[in-house]
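# Descriptive structure summary
Residue-level listing of the chains:
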Amino acid sequence: SVKLHNRRLRAYVYLDDAVINNKLGNYGKAIDYAQKAIALADSIGVMDAENRAYDALVTSFELNNQLKTALSYQRKFNQIKDSLNAINKLKTITLIQNYYDLNSKMEEVALMLAKDKISKAKIKSQHEIIILLVLSIFVLSVILFATYYFYKQKTLLNNKFQQQHKALLDQKQLIEVQTVNLQTVNNLKDKLLA
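Calculation notes
- Residue numbers restart at each chain and count upward from 1, following the sequence in its written direction.
- Reporting in this predicted model follows two pLDDT cut-offs: at least 70 for local features of residues, and 80 or more for side-chain atom pairs to be given and counted; totals over whole chains, interfaces and linings ignore these cut-offs and use all residues.
- Computation of side-chain values: all heavy atoms of the structure, hydrogens and water removed.
- Helix and strand definitions here come from DSSP, where helices need a minimum of 4 consecutive H or I residues and strands a minimum of 2 consecutive E residues; each element is numbered from the N-terminal end.
- Any two residues having at least one pair of non-hydrogen atoms within 4.5 Å are treated as being in contact.
- Under the pairing criterion, centres of Phe, Tyr and Trp rings, with the six-membered ring standing for Trp, must be within 6.5 Å; the plane angle then separates stacked pairs below 30 degrees from edge-to-face pairs above 60, leaving the rest tilted.
- Exposed residues in this analysis have more than 50% of their type's maximum accessible area, buried residues have under 20%, and partly exposed residues fall in between, with area computed by a 1.4 Å probe over protein chains only.
- Patch membership requires more than 30% relative accessible area and the absence of a salt bridge. Residues of like charge join within 9 Å; the nonpolar side chains Val, Leu, Ile, Met, Phe, Trp and Tyr join within 5 Å.
- Using a 1.4 Å probe, the Shrake-Rupley method yields the accessible areas, and only the shown protein chains count as cover for residues.
- Salt bridges are defined as contacts in which a side-chain nitrogen from Lys or Arg sits within 4 Å of a carboxyl oxygen from Asp or Glu.
- By nonpolar core we mean a set of buried residues, namely Ala, Val, Leu, Ile, Met, Phe, Trp, Tyr and Cys, connected to one another through side-chain atoms within 4.5 Å.

Counting through the fold element by element, Asn 51 comes out in helix α3 (residues 47-63). Apart from residues lying up to four places away in sequence, Asn 51 is in contact with Phe 77, Ile 80, Lys 81 and Leu 84.

This is the structure:
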C-alpha cells in the first residue's frame, strides 16, 4: 500500500493489523492501529473501513476492561453504522428511482418506435398512392392522346370522303349534262332519219 500510494488499502491494512493484535492480546497496538485506520479512513472518506475500525477499537477496549471508553466508541460505531445504513437506504431509493425513470424512458422510446413505425407505414402508403396517381395520369394521358389521334384521323377521313362525295356529285352532274346532250343528239338523229 505504501509503494502503490494506495491510502484506501493502507486503511484496510491498519484495520487488519488491529484485528490481528486483538486476537493476539496486544490491545495497545490494536488500539493504535485502529486509531490510525479511523484517521486515514476518515480523511479519504471510506466509511466502511472507519466503521470496522471503530468496531475493532470497541473490541480492544472491552477486552482491555476499559468499558466506559468502549461504550463511547460503541456510540460512534453505532452512529457511523446508522449513517452507513441511511446512505445505503438513500442509494437503494436512488437506484429504485433511477430504475423507474429508466423504465419510463424505455416506455417512451418504445412508444416513439411504435409511432415511427406507424409514420413509416403512412409514408409508404402515401408513396404507393403517389405512384398509383402518377400511373393513372400517365394512362389517362395515353388515352387522351389516342383519342385525339383517332379524332384527327376521323376528321381527315371525313374531309377526304367529303371531297370524294363532291367529286362524285360533280361527275353525276357532268353525266346528267352529257345524258341530256346525248338525248338531244339522239332526238335530232331520229328527226333527221325520219
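Okay, the packing of aromatic side chains next. Applying the stated criterion across every chain, the model contains 5 aromatic pairs. Ring geometry for Tyr 54 versus Tyr 73: centroids 6.1 Å apart, planes at 35°, classification tilted. Here Tyr 54 is found in helix α3, whereas its partner Tyr 73 is found in helix α4 (residues 67-193), with 19 residues between them in sequence. When its relative accessible area of 10% is taken as the criterion, Tyr 54 is described as buried. Note on Tyr 73: relative accessible area 17%, which makes it buried. Their ring planes at 70° and their centres at 5.5 Å tell us that Tyr 99 and Tyr 100 sit as a pair that is edge-to-face. Owing to a relative accessible area of 52%, Tyr 99 belongs among the exposed residues under this scheme. Residue classification places Tyr 100 among the exposed residues on the basis of a relative accessible area of 52%.

Now for a nonpolar patch on the surface. Taken together, the side chains of Phe 138, Val 139, Val 142 and Ile 143 define a hydrophobic patch exposed on the protein surface, amounting to about 380 Å² of accessible area. Structurally, Val 139 can be placed in helix α4.

With that settled, consider the pattern of salt bridges. In this structure the tally under the stated criterion is 2 salt bridges. The residue Lys 120 makes a salt bridge to Asp 116 at a minimum N-O spacing of 3.6 Å. One end of the pair is Lys 120 and the other is Asp 116, both in helix α4 and 4 residues apart, which spans about a single turn.

Before going further, it helps to spend a moment on the nonpolar core. Ranked by internal contacts, the top residues of the largest apolar core, which has 23 residues, are Leu 15, Tyr 54, Leu 57, Phe 61 and Tyr 73. The set of elements that each furnish at least two residues to this core consists of α1 (7-24), α2 (27-44), α3 and α4. Sort the elements by how many residues they give to this core and α3 lands first, with 7 residues. Those residues in contact with Leu 15 that lie beyond four places of it in its chain are Ala 37, Ala 49, Arg 52, Ala 53 and Ala 56.

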